[in-house]
Amino acid sequence: MNIQAPRGTYDVLPDQSAKWQEIEQKINDLCRLYQYKEIRTPIFEHTELFQRGVGDTTDIVQKEMYTFQDRGDRSLTLRPEGTASVVRSYVENKLFGMPDQPVKLFYTGPMFRYERPQAGRMRQFVQFGVEAIGSKDPAIDAEVISLAMDLYRSVGLEKLRLVINSLGDTESRVAHKEALIKHFEPSINEFCSDCQTRLEKNPLRILDCKVDRNHPLMAAAPSLADYLNAESQAYFDEVQSYLASMDIDFVVDPNLVRGLDYYNHTAFEIMSDAEGFGAITTLAGGGRYNGLVEDLGGPESPGIGFAMSIERLLLALEMEKVEIGQSNNLEVYVVAMDETTKKKAFSVVRDLRMNGISADMDFAGRKVKAQMKSADRKGAGFVIVIGETELESGNVALKEMATGEQQEMAFEELAGTILKKKSLEE
Ligand code: HAM
């Protein structure tokens, strides 16, 4: 049997990679505008990092990690997300000592979760994420959210819905936790075994349960919104007023709880409202994690961030019928009539490339007609045909494919003319 890619993984083939490159370019441009600097951390980490960082009671840690013993008998895990690694690095490399806090970081790279694959849910997927660590200014919460929204808009997505909530500070959450225990405890036997464990360890997780989500007690559960203390409410109000100042629309959803343990105060998700999306409509998720840096051994350094997968972004583009990745198309195809003119064609291709123009030619001994077809398939903007006549006269016709227009010129004028036409188009 032929070997196939493992379940939940896939190859990005050449006809798709231009889209990835365009998205990555947009990410780099946007992070430069916002002044977030790239950080690259290892693909695997000590398992304990995620147990402590993401949280022992989360689905990620309990069910989804790719954990293995290496040859030195250490327990290592392929990273299921980026925040724990970035915070580990912030502590390990003492980035908290840098004069300009918050430290604003971004990353793109593969993450691994053992989940049931479906559209938009893979076992290896690529996340773009940002983390701003070392500030508890509500303005930075709004900045992080706006960066995520800007990326989606810059690729052409429109059907977006931003949902926000506040998970409050420790005091608010302790009060809410007590209320949840009181609410669920008398009937906890009617819930799944995971929820029974959650009641003791982290009752907020019960609200996130996929098995018991229709249990009547769920809808009636005490809402965290009613337990926010004045300070948490004031913080949340400020975040909302900064968002409004940027004309960013949002909905407050008191039931938004995120699936990772480190969150407090601001939590948010960006959903797609595009038609045709399957069950999974969350494009991005993030929030504040004051306390995580301390949990991982650093000094008090409040943080906020988000992550989104490129796979779900591509899915949203497909649903909204937005085409991207065309900028990689071939600009000039140079046709050689026969073996004697091939050398000239080769040097014309070289000359065009040296002038920053993408150029290609035949390397498979095709006849002229087949070369023309190939130029068409590659979406060439211009075609040049070189035969004996052109060699002798030193002149050649530049054919613009979109209009069919032909223009005679000396070989030496080709690059200049094409560059001029390109700049007129832009
Ligand atoms: P998360 O909600 O677990 O949060 O994941 C964030 C995003 O990663 C999701 O909204 C989705 O776009 C994508 N994603 C997650 N799992 C999969 C999957 N199996 N296949 C495809 N895409 C997936 C985090 O990971 C946090 N670290 C976000 C964060 C950063 N919070 C603060 N800073």
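None of these values were measured; they are calculated from a predicted model.

What counts and what doesn't
Residues numbered from 1 in each chain as written. Predicted model: local features only at pLDDT ≥ 70, side-chain atom pairs only at ≥ 80, totals over all residues. Heavy atoms only, no water. Axes fitted to C-alpha atoms, helices over the stretch in contact; angles between N-to-C directions. Helix = DSSP H or I, 4+ residues; strand = E, 2+ residues; numbered from the N terminus. Parallel < 35°, antiparallel > 145°, perpendicular 65-115°, else oblique. Left-handed = near helix turned anticlockwise from the far one by under 90°. Contact = heavy atoms within 4.5 Å. Nonpolar A, V, L, I, M, F, W, Y, C, P; charged D, E, K, R; others polar. Buried < 20%, exposed > 50% of the residue type's maximum accessible area, 1.4 Å probe, protein only. Pairing = 2+ DSSP bridges. UniProt positions renumbered as here; feature names shortened; annotations may be inferred. Near = heavy atom within 4 Å. Polar contact = N/O pair within 3.5 Å; in protein donor to acceptor, adjacent residues only side chain to side chain. Areas by Shrake-Rupley, 256 points an atom, 1.4 Å probe, with all protein chains shown as cover.

Trainee: Quick question: what am I supposed to make of the packing of helix α5 (residues 138-155) against helix α9 (residues 230-245) here?
Mentor: The geometry of a pair of packed helices is captured by two quantities: the angle between their axes and the separation between those axes. Packing of α5 against α9 brings their axes to within 8 Å, and their N-to-C directions diverge by 45 degrees. Taken together, the axis directions place α5 and α9 in an arrangement best described as oblique. Helix-helix and strand crossings are classified by hand; for α5 and α9 the assignment is right-handed. Residues Pro-138, Ala-139, Asp-141, Ala-142 and Ile-145 of α5 touch α9, and the partners they reach there are Tyr-235, Glu-238, Val-239, Tyr-242 and Leu-243. Broken down by class, the residue content of the contact of α5 with α9 amounts to eight nonpolar, no polar and two charged.

Trainee: Got a minute to help me understand the pairing of strand β7 (residues 160-166) in this structure?
Mentor: A regular strand places its side chains on the two faces of the sheet in alternate fashion. Here β7 lies mainly inside the structure; six of its seven residues are buried. As defined by bridge partners, β7 adjoins strand β9 (residues 264-272) across seven bridges and the pair is classed as antiparallel. The partner of Leu-162 across the bridge, within β9, is Ile-270. Relative to strand β8 (residues 251-252), β7 is paired through two bridges, and the arrangement is parallel. When the sheet's bridge partners are listed, Val-163 is paired in β8 with Val-251.

Trainee: For this particular structure, what's the right way to read the UniProt feature "domain: Aminoacyl-transfer RNA synthetases class-II family profile" (unreviewed entry) in the chain?
Mentor: What UniProt calls "domain: Aminoacyl-transfer RNA synthetases class-II family profile" (unreviewed entry) maps, in this numbering, to residues 1-317. For the annotated span residues 1-317, helix accounts for 37% and strand for 21% of the residues, and the straight-line distance between the end C-alpha atoms is 35 Å.

Trainee: When you look at the sheet that holds strand β6 (residues 124-133) in this model, what are you seeing that I'm missing?
Mentor: Strands pair in a sheet through their backbones, by hydrogen bonds, and they do so in one of two ways: parallel or antiparallel. Reading across from one edge, β1-β5-β6-β11-β10-β9-β7-β8 is the order of the eight strands in this open sheet, with mixed pairing throughout. Each edge of the sheet is formed by a strand with only one pairing partner; in this case those strands are β1 (37-38) and β8. As judged from the 10 bridges shared by strand β5 (residues 103-112) and β6, these two strands associate in the antiparallel manner. Paired with Phe-112 across the two strands is Gln-124, which belongs to β6.

Trainee: Would you take a moment to explain the packing of helix α1 (residues 14-34) against helix α11 (residues 310-319) for this structure?
Mentor: α11 packs onto α1 with a crossing angle of 110 degrees between their chain directions and a minimal axis gap of 11 Å. Comparing the axis directions of α1 and α11 gives the class roughly perpendicular. Considering how the two elements wind past one another, α1 and α11 form a crossing that is right-handed. Packed against α1, whose contacting residues are Lys-19, Trp-20, Ile-23 and Ile-27, the element α11 presents Ile-310, Glu-311, Leu-313, Leu-314 and Leu-317 at the interface. Split into classes, the residues belonging to the contact of α1 with α11 amount to seven nonpolar, no polar and two charged.

Trainee: I keep staring at the site of the ligand and nothing clicks. Help me out?
Mentor: Around the ligand, the surrounding shell holds 27 residues, and the nearest of these are Glu-81, Glu-115, Arg-258, Tyr-263 and Leu-283. Side-chain polar atom of Arg-113 to an oxygen atom of the ligand: 2.9 Å apart, as the coordinates give it. A distance of 3.5 Å is found between a nitrogen atom of the ligand and a backbone nitrogen or oxygen belonging to Gly-305. Protein contact buries 96% of the 660 Å² of open area that the ligand shows by itself. Listing elements by their share of the shell around the ligand, those giving two or more residues are β6, β10 (282-288) and β11 (303-309). Counting residues per element, the shell around the ligand draws most heavily on β10, at six residues. Classifying every residue of the shell around the ligand gives 11 nonpolar, nine polar and seven charged.

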